[in-house]
Amino acid sequence: MILQTIDYVEGSVVMIDQTALPMEERMIRLSRADGVAGAIRSMRVRGAPAIGIAAAFGMLLELENLLRESDQGGTGFFFDRKTGMSGSRGVAIDPEEAAGKLNQAAELLAATRPTAVNLFRAIERMKRVARENPGDPARLCSETGAEAFRIHDEELERERRIGAFGAALLRSGMSVLTHCNAGGLATAGYGTALAVIYSARGLGMDIRVYADETRPLLQGGRLTAWELLKNGVDVTVLCDGAAASLISTGKIGAAIVGADRIAANGDTANKIGTLGVAVLCARYGVPFYVAAPLSTFDPDAPSGESIPIEHRSEEELIYFSGIRTIPEGAGIYNPAFDVTPAELITAFITEKGVIYPPYGGKTGRLSGAGS
Ligand code: MRU
């Protein structure tokens, strides 16, 4: 099942509010780029591919708003994915003003979360299309609109391929451990790590998933369990500290996680706690796979050391469900991601196939293809 994680409908970005899950399935509509930036920062939308798509739609919003505000008494502009631009054409606005608005939105969106490279790649793609279409603002809007939907649709296609390549690594009866949420909620709707599970099940395999709860924001317990159950997948949630004991039993056939940024040498940033799972897998001889589209590979980061790691607010750790659980005066360490060295990764599952070590050249070369 493809989740309706994020879409652009009649001049609004529509997304499922991931902070409300699993208790409430609430859709939110945002009509300005700063609202989209706020949603990314507060993790109403999260996951590397999903925040890239959100940023692209957020930039489109600003352009449409400018056109609409300048279209005195017109029928209005709503970018429509089927027909391209609809509504009035020929509205007189300064192309430089349009480019300025777009750049402003880009800056705002780029300042939200530093680690997932998909965000910056999507923003760059939108800016490139804008540069290539100076002059007529309506055309600029229709071209950037088409690009935003291409970013969304290409991700979805990649996810299907990742699922198919990854499924070939599993066998029926296997239990798979995952960390955080790398499913439809984190992407264009199908997932990366979870796409592998969905595809394997689609082939008739019986796969059971163990989902790390993923402290502090519980993407595993709240989101992965929610979407797996929605898809009829057998899922068991464990607290992060139980991963070692589970893996040591020999029950886990493979661990599959997503990624936020993969350096040219294969070092991989993903949700905090991923490194621990990778070390455990190495210790107990369990294959550790990273499922990610090429849009997550960053050729400009030679190794994990050059990946910026987001540190989030102390409150995320101090309060559990609104209740203070850590005494005043204690220091707080709250990085949102860690880096798993390439040597601990059995293989990358990408839309171009499964990549095995040595990674160096391969991941660096492929990353250029996945903007
Ligand atoms: O902080 P989050 O929830 O945005 O972190 C998400 C992850 O770490 C995912 O595993 C990653 O983005 C891959 S999503 C396909």
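Above this text is the structure in question.
Draft legend 1. Here's a closer look at the overall build of the protein chain. When its secondary structure is counted, the protein chain shows 11 helices and 18 strands. Relative to the compact-globule value of 21 Å for 371 residues, the protein chain shows a C-alpha radius of gyration of 21 Å, a close match. Expressed along its principal axes, the backbone C-alpha trace of the protein chain runs to roughly 70 × 50 × 40 Å. The buried share among the 371 residues of the protein chain stands at 57%.

Draft legend 2. A look at the packing of helix H4 (residues 117–132) against helix H5 (residues 137–167). Remark: H4 packs on H5, axes separated minimally by 9 Å, with the N-to-C direction vectors making an angle of 150 degrees. As summarised for this structure, H4 and H5 are arranged roughly antiparallel, according to the angle between their axes. Relative to H5, the crossing made by H4 is right-handed. On the side of H4, the interface is formed by Asn118, Ala122, Arg125, Met126, Arg128, Val129 and Ala130, while H5 contributes Leu140, Glu143, Thr144, Glu147, Ala148, Arg150, Ile151, Glu154 and Glu155.

Draft legend 3. Spotlight on the packing of aromatic side chains. This structure, assessed with the given rule, holds six aromatic pairs. Note on tyrosine 8 and phenylalanine 149: the rings are 6.3 Å apart at their centroids and 90 degrees apart in plane angle, and the pair reads as edge-to-face. Here tyrosine 8, found in strand E1 (residues 6–9), pairs with phenylalanine 149, found in helix H5; they are 141 residues apart in sequence, far enough to count as distant. Side by side, tyrosine 8 and phenylalanine 149 carry an identical accessibility label, which is buried. Considering the side-chain rings of tyrosine 190 and tyrosine 198, the 5.8 Å spacing of their centres and the 40 degrees angle between planes classify their relative orientation as tilted. Neither residue differs from the other here; tyrosine 190 and tyrosine 198 are each classed as buried. Clustering of aromatic rings is evident, with ring pairs tying together Tyr8, Phe57 and Phe149. Cation over ring: lysine 271 sits above phenylalanine 337, and NZ or CZ is 4.5 Å from the ring centre.

Cut-offs used in this document
- Positions within a chain are numbered from 1, following the residues in the order the chain's sequence is written.
- Totals for whole chains, interfaces and linings use all residues, but because this is a predicted model, local features are given only for residues with pLDDT of at least 70 and pairs of side-chain atoms are given and counted only at 80 or more.
- The side-chain quantities take in all heavy atoms of the structure and omit both hydrogens and water.
- Counting from the N terminus, the helices are DSSP H or I runs at least four residues long and the strands are E runs at least two residues long.
- What the globule rule says is 2.2 Å times the number of residues to the power 0.38, and the radius of gyration is computed from C-alpha atoms.
- For every residue, the accessible area (1.4 Å probe, protein chains only) is compared with the maximum for its type, and the residue is labelled buried under 20%, exposed over 50%, or partly exposed between those bounds.
- A fitted line through C-alpha atoms represents every axis, and for helices the fit uses only the stretch in contact; the resulting angles, taken between N-to-C directions, go from 0 to 180 degrees.
- Throughout, the term roughly parallel applies to angles under 35 degrees, roughly antiparallel to angles over 145, roughly perpendicular to angles from 65 to 115, and oblique to all others.
- Crossing handedness is read from the near helix: turned anticlockwise from the far helix by less than a right angle, it gives a left-handed crossing, and turned clockwise, a right-handed one.
- Contacts are assigned to residue pairs with any non-hydrogen atoms lying within 4.5 Å of each other.
- Whether two aromatic rings pair depends on their centres lying within 6.5 Å, for rings of Phe, Tyr and Trp, where Trp uses its six-membered ring; planes under 30 degrees apart make the pair stacked, over 60 edge-to-face, and the rest tilted.
- Note on geometry: a ring has a charge over it if NZ (lysine) or CZ (arginine) is within 6 Å of the ring centre and within 35 degrees of the ring normal.

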